[in-house]
Amino acid sequence: MHFHTQKSSPVPSHFDAINRMRIVKIIDAKTENCTVKTFTFVDKLCEKAEPGQFVMVWIPGVDEIPISLSGITSDGLTSITVNEVGEASRALNQKEKGGSIGVRGPFGNGFVPAGGNVMIVGGGTGLGPMMPLTEKLVKVADKITLMSGVKSLDNLLFLDRITKILSDVDSETVFTTEDGSYGIEGLVTEQVEQKLMNERFDMIYTCGPEQMMYRTFLLAERYNVPIQASLERIMRCGIGLCGSCAIGKIRVCKDGPVLNSEQLRGIKEEFGKFQLDLTGKKIKL
Ligand SMILES: Cc1cc2nc3c(=O)[nH]c(=O)nc-3n(C[C@H](O)[C@H](O)[C@H](O)COP(=O)(O)OP(=O)(O)OC[C@H]3O[C@@H](n4cnc5c(N)ncnc54)[C@H](O)[C@@H]3O)c2cc1C
Ligand code: FES
């Protein structure tokens with residue numbers, strides 16, 4: 001009897017390579033505000049990442065969680081910006097320079113840069129992936145309007161970085177806080193509406209709390225502006241296998257996390273309304 005054995009290829013496919021866990025050393029850990037830290041490490045596979053893509057970050061002994069890239073450079077210097085909300089993000093934010101984490105990725109579909117008059121809407125830590133996106137947009141867009149909404153002055157992020165990135169281009173910035181402690185008092189979506197009433201935009205990019213993105217999506221639809229939104233769901237595998245990130249027919253890790261207007265229309269029964277919890281049960285947002 002003949003047995004056909006197939007030797008596994010010694011060269012891993014691109015997918016095998018990005019899905020393989022790399023242990024990386026934290027070369028910088030910057031405290032951004034009372035609950036947010038930015039970690040920088042070197043990873044060759046992340047240097048080609050698109051803004052909006054994410055990595056699965058393993059905190060040894062705790063958990064593995066999805067985090068978007070907040071810094072992408074051509075020499076592999078990569079950053080993630082992490083808000084403490086629970087066990088894994090708290091353990092991650094206790095790491096300091098010299099510590100180690102594991103990363104898989106970059107995964108998913110990122111933002112597609114557009115020309116013309118573009119609007120960026122970031123809520124809280126959702127501003128993270130908007131930083132490398134803005135760095136790309138300054139090369140192709142005619143004008144950039146960056147809107148950032150946070151709860152309070154203490155939660156502000158990336159002020160210096162935004163000023164630097166936008167210094168040489170036609171741009172406008174709008175900062176809102178819910179308590180009025182910095183910028184305009186209220187929700188960022190109120191300012192989004194004001195802008196859309198007075199100016200014609202060619203594309204809106206958004207990342208942040210789902211209610212903020214949902215309202216921004218409804219406004220984009222009303223004013224007939226295409227939108228790209230980066231969604232968050234519970235993620236386990238990060239590669240389209242486990243189903244924990246499903247929303248309608250979409251697997252956010254693989255088809256997203258950035259979804260365009262057409263994809264968002266296809267999930268409007270669930271977007272802004274429901275998500276799966278850690279056990280896979282559908283719960284109200
Ligand atoms: C594609 C993607 C990119 C992300 N990028 C970032 C980022 O750049 N920076 C950042 O700080 N966070 C980001 N997140 C959210 C981050 O993954 C969660 O905050 C983290 O998994 C929570 O884990 P935990 O153990 O700290 O909290 P848990 O103890 O698991 O949960 C604490 C609270 O957070 C909620 N939560 C748990 N998982 C998520 C989730 N995936 N999204 C939203 N809420 C959640 C829970 O419902 C609970 O209320 C991203 C999520 C996704 C899916
Ligand atoms: S996280 Fe497993 S399918 Fe998306």
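Here, residues in each chain are numbered from 1, in the same order as that chain's written sequence. Note on labels: chains are lettered from A, ligands numbered from 1, in written order. Since the coordinates come from a predicted model, pLDDT governs what is reported: local features require at least 70, and pairs of side-chain atoms require 80 or more to be given and counted, while whole-chain, interface and lining totals use all residues.

Student: Could you give me a rundown of the overall build of the protein chain, with the residues and numbers involved?
Tutor: In DSSP terms, a helix is any run of H or I states spanning at least four residues, a strand is any run of E spanning at least two, and both are numbered starting from the N terminus. Of the regular secondary structure elements, the protein chain holds eight helices and 18 strands. C-alpha atoms define the radius of gyration, and 2.2 Å times the number of residues to the power 0.38 defines the globule rule. For 285 residues, the compact-globule formula gives about 19 Å, and the C-alpha radius of gyration of the protein chain, at 19 Å, lands near that figure. In terms of overall dimensions, the protein chain has C-alpha extents of about 75 × 40 × 35 Å along its principal axes. With 285 residues in all, the protein chain has 41% of them scored as buried. This entry defines residue contacts through backbone-placed C-beta atoms, with two residues in contact when those atoms are within 7 Å. For the protein chain, contacts bridging at least 24 residues in sequence account for 66% of all contacts bridging at least 6. Any residue surrounded by 20 or more other C-beta atoms within 10 Å of its C-beta is treated as buried, while 12 or fewer makes it exposed and the intermediate range makes it partly exposed; C-beta atoms here are placed from the backbone.

Student: Could you give an account of the environment of Gly-110, naming the residues involved and the relevant values?
Tutor: In this fold, Gly-110 is placed in the loop between strand E7 (100-107) and strand E8 (116-123). Residue Gly-110 is classed as buried on the basis of its 25 C-beta neighbours within 10 Å. When the C-alpha positions of Gly-110 and Tyr-214 are compared, they lie 18 Å apart, and in sequence the two are 104 residues distant. When near neighbours in sequence (up to four residues on either side) are disregarded, Gly-110 contacts Glu-50, Pro-51, Gly-52, Gln-53 and Val-258.

Student: Please provide a residue-by-residue account of the domain arrangement of the protein chain, values included.
Tutor: Segmentation into domains, and thus their bounds, comes from an automatic or database assignment. Here the domain parsing of the protein chain yields domain 1 (14-107) and domain 2 (116-284). Between domain 1 and domain 2, the contact holds 20 residues from the first and 19 residues from the second. Of all the secondary-structure elements, those providing two or more residues to the side of domain 1 that touches domain 2 are strand E2 (28-33), strand E4 (54-59), strand E5 (63-72), strand E6 (77-83) and E7. No other element matches the six residues that E5 contributes to the side of domain 1 that touches domain 2.

Student: Provide a residue-level description of the sheet that holds strand E3 (residues 36-42), including the pertinent values.
Tutor: When DSSP locates at least two bridges between a pair of strands, those strands are taken to pair. Strand order across the open sheet formed by seven strands is E1-E7-E4-E5-E6-E3-E2, with antiparallel pairing between neighbours. A strand with exactly one partner marks an edge of an open sheet, and here the two such strands are strand E1 (22-25) and E2. The average undirected angle you get between the axes of adjacent strands in this sheet is 40°. The sheet contact formed by E1 and E7 spans four bridges and is antiparallel. Paired with Val-24 across the bridge in E7 is Ile-101. Axis lines are fitted through C-alpha atoms, for helices just across the contact stretch, and the angle between N-to-C directions can take any value from 0 to 180 degrees.

Student: Outline helix H6 (residues 210-222), listing residues and values.
Tutor: Residue count minus one, scaled by 1.5 Å, sets the expected span of a helix. For H6, with 13 residues, the first-to-last C-alpha span of 18 Å sits near the 18 Å given by 1.5 Å per residue. Looking at the buried side of H6, the elements it contacts are E8, strand E9 (141-150), helix H5 (188-198), strand E12 (203-207), strand E13 (227-230) and helix H8 (261-266). Downstream of H6 by a residue or two, Asn-224 has a phi angle that is positive, lying close to 60°.

Student: Could you give me a rundown of the pairing of strand E10 (residues 171-177), with the residues and numbers involved?
Tutor: Relative to E10, E9 runs parallel, the two being bridged by seven bridges. By the bridge assignment for E10, Met-147 is matched with Val-174. Place the viewer so that the strands point away; then a crossover is right-handed whenever the path from the first strand over the helix to the second strand goes clockwise. Following the backbone out of E9, through helix H4 (residues 159-165) and into the adjacent parallel E10, one traces a crossover that is right-handed. Here E10 runs beside strand E11 (residues 184-185); their pairing, made up of two bridges, is parallel. The residue bridging Thr-177 from the neighbouring strand is Glu-185, located in E11.

Student: Got a sec to walk through the site of ligand 1? Specific residues and values, please.
Tutor: Looking at ligand 1, there are 21 residues lining it, with Ile-65, Asn-83, Gly-86, Ala-88 and Ser-89 nearest. Broken down by secondary-structure element, the contributors of at least two residues to the shell around ligand 1 are E5, E6 and helix H2 (87-93). Among the elements that make up the shell around ligand 1, the one with the highest residue count is E5 (five residues). When residues are sorted by character, Ala, Val, Leu, Ile, Met, Phe, Trp, Tyr, Cys and Pro go into the nonpolar class, Asp, Glu, Lys and Arg into the charged class, and all the rest, Gly among them, into the polar class. Class assignment for the residues of the shell around ligand 1 results in 10 nonpolar, seven polar and four charged. When residues of the shell around ligand 1 are assigned to domains, at least three map to each of domain 1 (14-107) and domain 2 (116-284). What makes a residue near a molecule or strand is its C-beta atom, placed from the backbone, lying within 6 Å of it.

Student: So what about H5? Which residues, and what values?
Tutor: Listed in full, the buried residues belonging to H5 are Val-188, Thr-189, Gln-191 and Val-192. Buried residues of H5, seen end-on, are gathered within an arc of 155° and therefore sit on one face of the element. In this structure, H5 carries Met-197 and Asn-198 as exposed residues pointing more than 90 degrees from its buried face. Think of the arc as the fan of directions from the helix axis to the C-beta atoms.

Student: I'd like to hear about the sheet that holds E12, residue by residue, with values.
Tutor: Taken together, seven strands build an open sheet; the order of strands is E11-E10-E9-E8-E12-E13-E16 and the sheet is mixed. In this open sheet, the two strands that pair with only one neighbour each are E11 and strand E16 (258-260). Looking at chain direction, E8 and E9 are connected through eight bridges and run parallel. Note that in E9 the partner of Gly-122 across the bridge is Ser-148. On the sheet, helix H3 (residues 130-137) packs against E8, E9 and E12 and is oriented at approximately 170° with respect to E8.

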